[in-house]
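Structure assessment
In case you want the letters, here they are:
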Amino acid sequence: MNEELEFEFVKYARVWIPDPDEVWKSAELTKDYKQGDGILHLQLEDGTNLQHKLDPSTKTLPHLRNPDILVGENDLTALSYLHEPAVLHNLKVRFIDSKLIYTYCGIVLVAINPYETLPIYGAEIINAYSGQNMGDMDPHIFAVAEEAYKQMARDERNQSIIVSGESGAGKTVSAKYAMRYFATVSGSASEANVEEKVLASNPIMEAIGNAKTTRNDNSSRFGKYIEIGFDKRYHITGANMRTYLLEKSRVVFQADEERNYHIFYQLCASSRLPEFKALKLGGANDFHYTKQGRNPVIDGVDDAREMSTTRSAFSLLGITELYQMGLFQVLAAILHLGNVDVKDRDADSSMILPNNSHLMVFCDLMGVAYQDMSHWLCHKKLKTATETYIKPLPRVQAVNARDALAKHIYAKLFTWIVEHINQALHSTVQQHSFIGVLDIYGFETFEINSFEQFCINYANEKLQQQFNMHVFKLEQEEYMKEQIPWTLIDFYDNQPCINLIEAKMGVLDLLDEECRMPKGSDDSWAQKLYNTHLKTCALFQKPRMSNKAFIIQHFADKVEYQCEGFLAKNKDTVNEEQIHVLKASKFDLLVELFQDEEKVTSPTGAGPPTGGRTRLSVKPDKGKSSQASKEHKKTVGLQFRNSLQLLMETLNATTPHYVRCIKPNDYKYAFTFDPKRAVQQLRACGVLETIRISAAGFPSRWTYQEFFSRYRVLMKQKDVQSDKKMTCKNVLEKLVQDPDKYQFGKTKIFFRAGQVAYLEKLRADKLRAACIRIQKTIRCWLARKKFLRVKRATITIQRHVRGYQARCLATFLRRTRAAVIIQKFQRMYVQRKRYQRMQAAALAVQCILRAYMARQQYKMLLRENKAIVIQKMVRGWLARQWYRRSLAAVVYLQCCVRRMCARRQLKKLKIEARSVEHYKKLNIGMENKIMQLQRRIDEQNKENRVMSERLSSAETAHATEGERMRRELTRLRGAEEEAKSSANRVVSLQEELERLRVELQSTQKEKKAIEDWAQTYQDEMEKMISELKEQNHLLKNEKNDLNRLIQEQGQQWTEKMQRALKDQTSQLECDLNEERSRYQNLLTEHLRLEEKYDDLKEEMTLTMNVPKPGHRRTDSAHSSNESEYTYNSELAESEELSRGMEDVTKGTLDMALVLKLQKRVSELEQEKQGLQNELDRREEQFQRARARDDEEHKKARGAELEYESLKRQELESENKKLRHDLGEMRRALVGTAGAGSAAPGSPAYKVLLDQLNASTEELEVRKEEVLILRSQLVSQKEAMQHKETMTDSLQYVEDVQNLTDAKEISQAYMGLKDTNRAPPPDMRNINEDGELWLVYEGLKETNRLLESQLQAQRRSHEAELEVLRGELQAVKEENHRQQQLLAQNLQLPPEARIEASLQHEITRLTNENLMLPTEDPKVYRTNILRRMIDLLEQVEKQDKTVRKLKKQLKVFAKKISDLEGGQMENVSPSQMVDEPIHPVNIPRREKDFQGMLEYKKEDELKLVKNLILELKPRGVAVNMIPGLPAYILFMCLRHADYLNDDQKVRALLTSVINSIKKILKKRGEDFETVSFWLANTCRFLHCLKQYSGDEQFMKYNSPKQNEHCLSNFDLAEYRQVLSDLAIQIYQQLIKCMENILQPMIVSGMLEHETIQGVSGVKPTGLRKRTSSIADEGTYTLDSILRQLSSFHATMCQHGTDPELIKQVVKQQFYIIGAVTLNNLLLRKDMCSWSKGMQIRYNVSQLEEWLRDKNLMVCGAKETLEPLIQAAQLLQVKKKTDEDAEAICSMCNALTTAQIVKVLNLYTPVNAFEERVSVTFIRTIQNRLRDRKESPQLLLDTKVIYPVTFPFSPSSLALETIQIPGSLNLGFLTRV
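Residues numbered from 1 in each chain as written. Predicted model: local features only at pLDDT ≥ 70, side-chain atom pairs only at ≥ 80, totals over all residues. Heavy atoms only, no water.

Looking at the overall build of the chain
Rules: The numbering of helices and of strands both runs from the N terminus, where a helix is a DSSP run of H or I of at least 4 residues and a strand a run of E of at least 2. Residue burial is assigned from relative accessible area. The probe radius is 1.4 Å, only protein chains are included, and a residue is buried under 20% of its type maximum, exposed over 50%, and partly exposed in between. Contacts: residue pairs with any heavy atoms within 4.5 Å of one another.
When you go through the chain residue by residue, the secondary structure sums to 51 helices and 26 strands. For the chain, buried positions account for 45% of its 1871 residues. Contacts spanning at least 24 positions in sequence make up 76% of the contacts within the chain whose residues lie at least 6 apart.

Below you can see the structure in the form of structure tokens.
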């Protein structure tokens, strides 16, 4: 093949070269290869250059490597180059990098043991694979199981799953998961839990058939084939197990690091249990058979716990405790037997010491004689023709005999357990088909290979032959189906090897022949093999260095077998006398084990010791049973060959599915891949043979649409035609020149190996060229944009620089000119200042001199005055100093005392400072203190003002005195002048002058002292004021701090309380949702149990004997345990017959099933009762409050009830009177029928007509009032008696009497109508005697009297109403005033608010006390209330009286109109012309309906049948108003309530509920039916609430609707039943929608290319996935949107509540998002960048649909958040740590497992994309390590959000509803 691809060996091409360590190593060509070259120039991945020499003889080129885009494919056949290195590399990449352990290889599933527990086997994974095509999902054992299950159902053919592999490769686990899948998906056909029993057989078989080996801790040491049976509905009915070749030698021998079977170690680990004391066991190291491996412990395995699991499995399979203890007794005996020590007696004999403890325990446990067993363990019996000899055994032979006995006992025990498991798994239900799971050993080769390895490899040869033939057959069928020419494919046929083993004179035949020889030995058998096959068969060889071994060339490898032990193992001998001793045992189980010893044919009578199919036994001739030991018996090899032949026949009769388990390394390291070991197993398990067969033909296959979609880029526009097939042919002929490289089939194109890689290379080159062109253009555009930006920036910079330079020059010139001007003004300023200083200095000198002279003179006068003042001030100062010292001492003492008191008070305040109330009190105290301080400041200011006034007066006096002194000085100067003239007066004037100077000085001193004191006082006051201000400021700050602290604490407490309230609310909401979800799940379980009960009932009915003539079978729908009433007598009779039949067949029922059902029902009832108790407890508080209100209301309503009773009696009397008057009038009219005194149109006629109308109206009003009063009294009595039971009839005695009165009124009215229906009498005869006129006059007088009474009552009513209005206005004013006061109080600070409120309350109470009368206030208020009630009653009475009169007139008007019609017929035309015609307006009376429908009891079945069972939503129901059936049913229910018929109410509700259940069971898969009845059930429930009479529901009603409320019965319990029914219908609706949407979601959301051309289809293998191209029948996103729109339109049409529609849409979107995400996580081919874009686009379309339907707030968008984040994860960058941080913050709705899974599955679609590195994934895992979340990988698609039904009242009036005739409900009468 590689020679044909020589043109691809060019530079940079990558190839695989052999490597001794890694098997194959990748390299790259550094030079083109030319034909004839002997050397390839290569470069390894580590950069090493290498010259690879080609084989000179063959010139075989190395294998080419596949493109990176094909690496990691799900199917190995999708690889373009199919060879060993490609397979190995693909498996390694998937296993190591992507952590994927499953890979397809054509029809084979390759499973690599990860040696780690993976979360890929949960129930959600099973649900995800269920119903999916095998190629649509990632490889998985569940996909193989689903394919087998689907083919069994589709092709009606049995299936087989063949699991093979080495020990430790995971065969048993794979088989176990396959069986778990069948048990989960199919379920069981009965309640016997067969699937659980099938799974429970695994721990038992692992315990008795698995052991630890050097390669595997849980290695199966036998082969088994389990047939899982299914019935016609493909439910599991039972199972059957066949076993093959149990390794018995392990019981007595184990190699190092190995163990015996697990059951022995489990038994030893549980030896301390009380029930195991009698077994006298110890640790595993105490027994020879369990300590030879020297390592009895397996890491991570608790043998005691495993023992508990094994015992539980035994119990589940029906093996009783007694049998279990018997089994453990036999196993313990085997252990004790291994410890029996055999001693040498002499060279030819042996002995067992007397009283050997272990042998004694063995004999006690087995119930045999010690002497017999000890004797026959050391002796054997020889029989000749005449005599019998007993021969002693040497020690070695005795030990071998002991071990042979132990092996034989264990083999018999193993067989017995398998038989009982099969009995437990057997079912009485007939098996229709089966799926077999074969868990068999793979090809084995060890250093020493013996008989077991020979049989194992022989079985693998047979299986490999069957596998090759099946693969070849599939290839040929594919070619023939596509109608392409094909030739026979050469493949390896191992028939010669099989012939060598099983043919005549083959290995097994010669072995059996040697066993029949008296002195046959292994050596002689080996010589026969050499002589027979060494020269005749190429597959048989002889080792060079041995004469006791032989070599067989198997399909996988050469194996050398050692001949030693072959004969002994083939014979499988055991001492017959030992068996006889065991048969004589008193131990029943042991006798049962060996009871068929004589019936089984084997050389020693030991049954099928190899476990070769437990049912395989040749029945002997009973007459010759005594001679069985003398017959030739089957050897182990012959039995194995026969059982293998039977197995092959079974497999050939089924469709096989292959699972090949691979062991990645021998050290059990997790996710560690050893290429050498993997290649060995791949070669041995046939995977490479599959690859070789596929590669020999056309391995790559494409549909025409996929080829066109993938390689559209290689086509030109002119090549594209409308016919995709022709387009592909034309293009392919141009691309691939050699026509032998491909073939065109009917639907596919077939390619030779390597052609897809070539096409991928062309596609990658084309895309690379396009990318280069795009990059070139974009880079050119970017460079030009950059150049233009630089150019614009340069011009801008130049402009700014030049402008800056110009501005600098202008600035310099301006500054120079400014400097000159500044200098000029500066010099001028300096000179002017110099002149001004000189001028000022001269003036200052003059001023100073003149002032000095004046001051000197003034000082002289001032000194004299100040001396006097100083004396005065000093004396005053001394006195004040003494006073101040005394005052300071007193103040100091006061301060000390007050400080001491303040400290004491401070301690108290500190204690109280921690409470908020203290801060409030402190604030009040501080405010008072501040006010006191403010008052003190005001007092000080006042004193300051007084002192200032005094100071100003003193200054004024001083100024006056100074002026006086000046005048005096003037006078003295005059006197001095006079003294000069008069010398005699000089002395006296000088003395006077001296005195005046002294006075002036004293005055000046006094003034100075006063000024100093005033200044000192002012300073002290200012200081005190500043201190007070500072203290006030501190107090204010402290107050503000305290207020702020209080506010902060209050805010903190408020926030804390809000948070706590919010948390508690959210917690309560979560608890409520959980409780609601749990309750709804219980309802679902209850419904499921009901359905199962019905099904079981139907099955029991069907399995009955042929019924007698006349027997009627009961309808299954009537078996509901909720039914309390039957539809009719026939159905009731059928129920009795059915119950009788059940009694007859009760003995045949499965009692375990019945007990289980009863237990489950009781549990459900208990849970329901618990939920009901919880609801009752939560409503108890409300009920208590309501009870208190009822008590208070009862007292208030007492007087009203009395009044209603009186009013009712009055109405009854008036009704009787009216009936009497009507009867008299009718008799008068009948009696005077012949007197026609009044003609139509006359005044008397009109008056009489008016009277008749009034009388008719009054009669109708009276009738309605009686009915209304009766219903009101009943409801009031029920409220007072706290809703007594509906069946209590004593409380309605008075109502029954009222009903009688109403019937009398109705009879009178009907009599009047009958009279009206009489033939019209002659008006002339009626009016002859004038009686009609007299009647008219009497009615006229009566009318006047009534009108006068009405006017009087109306006036009194208006007066009283005015008084009430005044009182109401006063109340409103008082309310308004209180609101104003409240608003004012809210504006006040918190301290003043309380005081103001108290003041207002005191004022209000004072006013009320002043306004209260002298009598008791309670009595006064009671009188006022009673008066108001009386007034209202009188008003109502007057109104009713008016209506009564009007209706009476209407009655008479009806009568007169009838008479007028009869009269007009008798009037002649001449009379009509002569008499004047007066137009008369005759009103048409419309019937006033009460919104009720009356039906008869016998019509109930017809009502339910026509309205529920036979009503079709698509037919009649389309044209109805939404919810019409619910309204009709409720109107019927109202009439039953009106009649106070509790039986009718119960029967109707029960029939409705059961009928809805029946129609849903019958048509539960029809969405329209389920939606229709969900809407009607909810509407019926809302009607029961709306018209229940509860105030919480009545507040939405109109007054007319409140009149229609139920009056007699409380249907709260039935509301709960209807709510449960609505929940069940909602869940049924969700399941129905899920079934419709499920097939669309994956195709529409993932596979279909909504944006064409974004994602290309990658090459696929044999497991074809669903095409992503929109073919006919393929679902697209538009299909999903159309279906969603259809759902929405249907629900809207049916009148479903909008809130309920929102919940349905939310559930729909959750299903879409969960299914899409789950499939994305399980499909590697969908995890790409382009697919992420497709998903985001699809999600945007779904959001657009929500916007169009106004459903964005329903929470549906949030359910898609995980899917949106997964799509974003596919598109974001995934390289650096920043990218990892962004991913961790972005994907908060995804779990860590989901994020890692998406990153592992990310697969590039095109060559230029990159894979996610392992390092990056590790970084993500480390960052997300602290997340606390569920490790669950997939979303649970079965989750249904708890549904709520918000109350939605209807505005539709019941009396306006019209019943269409199409409903066939003519038997209903509107009331």
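Now, onward.
Some words on helix α14 (residues 495-502)
For clarity, the cut-off: The directions considered for the arc run from the helix axis to the C-beta atoms.
Buried within α14 are the following residues: Cys497, Ile498, Leu500 and Ile501. All buried residues of α14 fall inside an arc of 155° around its axis, so they share one side. Along its buried surface, α14 packs onto α13 (451-482), α15 (507-516), α16 (522-533), β18 (540-541) and β19 (549-553).

Some points on the side chain of Asp1537
The condition that has to hold: By the counting rule applied here, Lys and Arg register as positive and Asp and Glu as negative, while His and the ends of each chain are not counted. Salt-bridge detection follows one rule: a side-chain nitrogen of Lys or Arg within 4 Å of a carboxyl oxygen of Asp or Glu.
Looking at the element boundaries, Asp1537 is found in helix α38 (residues 1524-1538). Buried and unpaired, Asp1537 has Arg1534 as its nearest opposite-charge partner, separated by 6.3 Å. Those residues in contact with Asp1537 that sit more than four places away from it in its chain are Val1545, Leu1606, Ser1607, Asn1608 and Phe1609.

Looking at helix α46 (residues 1729-1748)
Threshold: Between the first and last residue of a helix there are one fewer steps than residues, each counted as 1.5 Å, and that sum is the expected span.
The terminal C-alpha atoms of α46, which comprises 20 residues, lie 29 Å apart, in line with the 28 Å expected from a rise of 1.5 Å per residue. All of the buried residues along α46 are Ser1730, Lys1731, Gly1732, Gln1734, Ile1735, Asn1738, Val1739, Leu1742, Glu1743, Trp1745 and Leu1746. Looking at the buried side of α46, the elements it contacts are α43 (1612-1647), α44 (1677-1693), α45 (1698-1721), α47 (1756-1759) and α48 (1761-1771). The positive-phi residue at the C-terminal boundary of α46 is Asn1750, with phi of around 55°.

Here's the deal with the nonpolar core
The cut-off we apply is this: Residue types Ala, Val, Leu, Ile, Met, Phe, Trp, Tyr and Cys, when buried and joined through side-chain atoms within 4.5 Å, form a set referred to as a nonpolar core.
Counting 317 residues, the largest nonpolar core has Phe182, Ile263, Phe264, Met373, Tyr410, Trp525 and Phe550 as the members making the most contacts within it. Contacts of Met373, omitting those with residues within four sequence positions, involve Leu359, Phe362, Cys363, Val368, Leu405, Gln578, Val581 and Leu582. Of all hydrophobic cores here, the second largest spans 17 residues; its members include Leu735, Tyr742, Ile749 and Val756.

Here's the deal with the side chain of Gln324
Condition: Two N or O atoms form a polar contact when they lie within 3.5 Å of each other; inside protein one atom must be a possible hydrogen donor and the other a possible acceptor, and for residues adjacent in sequence the pair counts only when both atoms belong to side chains.
In this structure, Gln324 sits in helix α9 (residues 321-338). In this structure the side chain of Gln324 is engaged in a polar contact, spanning 3.1 Å, whose partner is the side chain of Ser315. Setting aside residues up to four positions removed in sequence, Gln324 forms contacts with Arg311, Phe314, Ser315 and Ile319.

Looking at the packing of aromatic side chains
Applied cut-off: Only Phe, Tyr and Trp rings are paired, with Trp represented by its six-membered ring, and only when their centres lie within 6.5 Å; those with planes under 30 degrees apart are stacked, over 60 edge-to-face, the remainder tilted.
Enumeration according to the criterion identifies 36 aromatic pairs in this entry. Seen in terms of ring centroids, Phe454 and Phe566 are 6.0 Å apart; in terms of plane orientation they differ by 65°. Their pairing is edge-to-face. In this pair, Phe454 is assigned in helix α13 and Phe566 in helix α17 (residues 566-571), connecting sequence segments 112 residues apart. Grouping residues by exposure puts Phe454 and Phe566 together as buried.

Some thoughts on the pattern of salt bridges
A pair can form between side chains of opposite charge whenever their charged atoms are brought close. Throughout the structure, instances matching the rule amount to 46 salt bridges. Between Glu247 and Arg221 there is a salt bridge; the shortest N-O distance is 2.5 Å. Here Glu247, found in the loop between β12 (236-244) and α6 (262-269), pairs with Arg221, found in the loop between β10 (219-220) and β11 (223-230); they are 26 residues apart in sequence, far enough to count as distant. Owing to a relative accessible area of 13%, Arg221 belongs among the buried residues under this scheme.

Some points on unusual backbone geometry
In the Ramachandran plot, Glu156 falls in the positive-phi region, its phi being about 55° despite a non-glycine side chain. Looking at the secondary structure, you find Glu156 in the loop between α3 (141-155) and β8 (159-165). Of note in this structure, Phe671 is not a glycine but carries a positive phi near 50°. The residue Phe671 is located in the loop between β21 (655-662) and α21 (675-685) in this model.

Remarks on the state of the cysteines
Think of a disulfide as a covalent bridge from one cysteine sulfur atom to another cysteine sulfur atom. Here is the rule we go by: Note on terminology: pairs of cysteine sulfur atoms within 2.5 Å are recorded as disulfides.
Per the counting criterion, the structure on display carries zero disulfides. Cys896 provides the cysteine sulfur closest to Cys895, a residue in no disulfide bond, and the two sulfurs are 6.9 Å apart. For Cys895, a relative accessible area of 37% puts it in the partly exposed group.

Side note on a positive patch on the surface
Applicable threshold: Note on patches: the residues involved have over 30% relative accessible area and no salt bridge, like charges join within 9 Å, and the nonpolar side chains Val, Leu, Ile, Met, Phe, Trp and Tyr join within 5 Å. To measure how exposed things are, a 1.4 Å probe is used in the Shrake-Rupley method; for residues, cover is taken only from the protein chains shown. Here the site of a charge means NZ on Lys, CZ on Arg, CG on Asp, or CD on Glu.
A cluster of like positive charges, contributed by Lys785, Lys786, Arg789 and Arg792, occupies part of the molecular surface. Along the chain, Lys785 turns up in helix α25 (residues 755-912).

Description of the packing of helix α11 (residues 370-377) against helix α18 (residues 576-583)
In plain terms, the rule: Every axis corresponds to a line fitted to the C-alpha atoms, with the helix fit spanning only the stretch in contact, and the corresponding angles, defined between N-to-C directions, vary from 0 to 180 degrees. For classification purposes, an angle smaller than 35 degrees is called roughly parallel, one larger than 145 roughly antiparallel, one from 65 to 115 roughly perpendicular, and anything else oblique. By convention the crossing between two helices is left-handed if the near helix lies anticlockwise of the far one by an angle smaller than a right angle, and right-handed if it lies clockwise.
For the pair α11 and α18, the least separation of the axes is 9 Å and the interaxial angle reads 165°. Overall, the two elements α11 and α18 adopt an arrangement that is roughly antiparallel. Considering only the axes of α11 and α18, their crossing is left-handed. Contacts from Asp372, Met373, Trp376 and Leu377 in α11 reach Glu577, Gln578, Val581 and Leu582 in α18.

Here we look at the pairing of strand β15 (residues 379-383)
Inclusion rule: Pairs of strands are assigned from DSSP output, requiring at least two bridges between the strands.
Here β15 runs beside strand β16 (residues 388-392); their pairing, made up of five bridges, is antiparallel. Within β16, the position partnered with Lys380 by the bridge is Lys391. Between the end of β15 and the start of β16, which pair antiparallel, lie four residues.

What to know about the sheet that holds strand β23 (residues 742-744)
One open sheet holds the three strands; their spatial order is β22-β24-β23, and the pairing between them is antiparallel. The strands lining the two open edges of the sheet, one partner per strand, are β22 (700-703) and β23. Strand-to-strand, the axes of this sheet are offset by a mean angle of 20°, without reference to chain direction. With three bridges joining them, β23 and strand β24 (residues 748-751) adopt antiparallel strand pairing. Among the inter-strand pairings, Gln743 is bridged to a residue of β24, identified as Phe750. Across the sheet, helix α24 (residues 724-735) lies against β23 and β24, angled at about 160° from β23, the strand it touches most.

Description of the sheet that holds strand β3 (residues 39-44)
Spatially, five strands are ordered β4-β3-β2-β1-β5 in an open sheet, and the strand pairing comes out antiparallel. At either margin of the open sheet sits one strand with a lone partner, and together these are β4 (49-53) and β5 (63-64). Sheet topology places β3 next to β4; five bridges connect them, and they run antiparallel. If you follow His41 over to β4, its bridge partner there is Gln51. Along the sheet, helix α1 (residues 84-97) makes contact with β1 (14-19), β2 (23-29) and β5, crossing β2 at roughly 100°.

Considerations on a nonpolar patch on the surface
Together, Ile774, Ile778, Trp781 and Leu782 make up a nonpolar patch on the protein surface, roughly 420 Å² of accessible area in all. Position of Trp781 among the secondary structure elements: in helix α25.

So, the packing of helix α37 (residues 1500-1509) against helix α39 (residues 1542-1562)
As a reminder of what qualifies: As a working rule, the residues Ala, Val, Leu, Ile, Met, Phe, Trp, Tyr, Cys and Pro are called nonpolar, Asp, Glu, Lys and Arg charged, and the rest polar, with Gly in that last group.
Running from N to C, α37 and α39 cross one another at 35°; their axes reach a closest spacing of 10 Å. In this structure, the crossing between α37 and α39 has a hand that is right-handed. Contacts between α37 and α39 pair Glu1500, Leu1503, Val1504, Ile1508 and Leu1509 from the former with Ala1547, Leu1548, Ser1551, Val1552, Ser1555, Ile1556, Lys1558 and Ile1559 from the latter. Grouping the amino acids of the contact of α37 with α39 by side-chain chemistry returns nine nonpolar, two polar and two charged.

Observations concerning the pairing of β21
Of all eight residues making up β21, eight are buried, and the element is well covered by its neighbours. Of the two faces of β21, the one lined by Thr655, His657, Val659 and Cys661 and the one lined by Pro656, Tyr658, Arg660 and Ile662 are each fully buried. Across five bridges, strand β7 (residues 108-112) lies against β21 in parallel orientation. Paired with Ala111 across the two strands is Cys661, which belongs to β21. Taken together, the seven bridges between β8 and β21 define a ladder with parallel strand orientation. Bridged to Ser160 within β21 is Pro656.

Observations concerning the confidence of the model for the chain
Basically, it comes down to this: pLDDT: the predictor's confidence for each residue, scored from 0 to 100.
For the chain, the average pLDDT comes to 77, and 74% of its residues sit at 70 or higher. Every residue in residues 1665-1672 scores below 50 in pLDDT, and together they form 21 contacts with partners more than four places removed in sequence or on other chains.

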